[in-house]
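Listed here are the chains, written in short residue letters.
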Amino acid sequence: MGKKSLTNDILNKIEVYVDAMHYLSNCGSPFDESKFKKLDRMLEKADVAFGPAKRAEMMADTKKILPIKTVDGFRDGRESLRLNLMNGLTQGFEAFNKVLMKTSPDQSTAKKALKIINKYK
């Protein structure tokens, strides 16, 4: 894989992660199977989808999580899953940004990354 294709792959992953984070921030509660499936379709574009079996397992696990009292009321296991997915995507996004700046620290790459990030401002 050449430098240009590596840069394009990382930019693609950053774009998918930004889109997925935006979706999770705005999809509303409760986070259910249909929302998780839509998220997974988005993640397929970066080859990081969970797939039906893992999604089903993760959704089943949400039933084992006790509700947590928050200032807004209660957060159940499905909401905890949504927040955990958001956290994982955020960490991945930050890691890809660091790699991108190390492998392709030029202005045109920075502009492409900023364009992706600014899409949801």
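Everything here concerns the structure above.
Attention in this report is confined to the structure presented alongside it. (Residues numbered from 1 in each chain as written. Predicted model: local features only at pLDDT ≥ 70, side-chain atom pairs only at ≥ 80, totals over all residues. Heavy atoms only, no water.)

1. Examining the packing of aromatic side chains
Throughout the structure, instances matching the rule amount to three aromatic pairs. Consider the rings of F36 and F50, whose centres lie 5.5 Å apart with planes at 65 degrees: the pair is edge-to-face. Taken together, the residues span a long stretch of sequence, with F36 in helix α2 (residues 33-44) and F50 in the loop between α2 and α3 (52-62) at a distance of 14 residues. By relative accessible area, which is 0% here, F36 ends up buried. Following the ring pairs from residue to residue traces out a cluster consisting of F31, F36 and F50. (Phe/Tyr/Trp six-rings, centres within 6.5 Å; stacked < 30°, edge-to-face > 60°. Helix = DSSP H or I, 4+ residues; strand = E, 2+ residues; numbered from the N terminus. Buried < 20%, exposed > 50% of the residue type's maximum accessible area, 1.4 Å probe, protein only.)

2. Points about the layout of surface pockets
Here the largest pocket defines a volume of roughly 150 Å³. Lining the largest pocket are twelve residues, and of these S29, F74, R75, D76 and E79 lie nearest its centre. When contributions to the lining of the largest pocket are tallied by element, the ones reaching two or more residues are β2 (73-75) and α4 (77-103). Among the elements that take part in the lining of the largest pocket, β2 stands out by supplying three residues, more than any other. By residue class, the composition of the lining of the largest pocket is four nonpolar, three polar and five charged. (1 Å grid on protein atoms, 1.4 Å probe; cavity = no way out; pocket = protein on both sides within 12 Å on 5 of 7 lines; lining within 4 Å. Points joined across faces, edges and corners; volume = space filled by probe spheres on them. Nonpolar A, V, L, I, M, F, W, Y, C, P; charged D, E, K, R; others polar.)

3. Quick notes on the nonpolar core
Counting 27 residues, the largest nonpolar core has F31, F36, L39, L85 and L89 as the members making the most contacts within it. Counting only elements with at least two residues in this core, the list comes to α1 (3-26), α2, α3, α4 and α5 (107-118). The greatest single-element share of this core, amounting to ten residues, is contributed by α1. Beyond its immediate chain neighbours, meaning those up to four positions away, F36 contacts F31, F50, R55, M58, M59, L81 and L85. (Core = buried A, V, L, I, M, F, W, Y, C linked by side-chain atoms within 4.5 Å. Contact = heavy atoms within 4.5 Å.)

4. Here's the deal with the pattern of salt bridges
Within the structure shown, the criterion is met by nine salt bridges. Put simply, E57 and K54 hold a salt bridge, and the shortest N to O gap is 3.4 Å. With E57 and K54 both in helix α3 and three residues apart, this pair spans about one turn of that helix. For K54, a relative accessible area of 36% corresponds to the partly exposed category. Across the pair R78 and D76 runs a salt bridge, and its minimum N-O distance is 2.9 Å. (Salt bridge = Lys/Arg side-chain N within 4 Å of Asp/Glu carboxyl O.)

5. Regarding α3
For α3, the set of buried residues is R55, M58, M59 and T62. Looking straight down α3, one finds its buried side chains confined to an arc of 100 degrees; they lie on one side. Structurally, α3 contributes buried residues whose contacts are with α2 and α4. (Arc of directions from axis to C-beta.)

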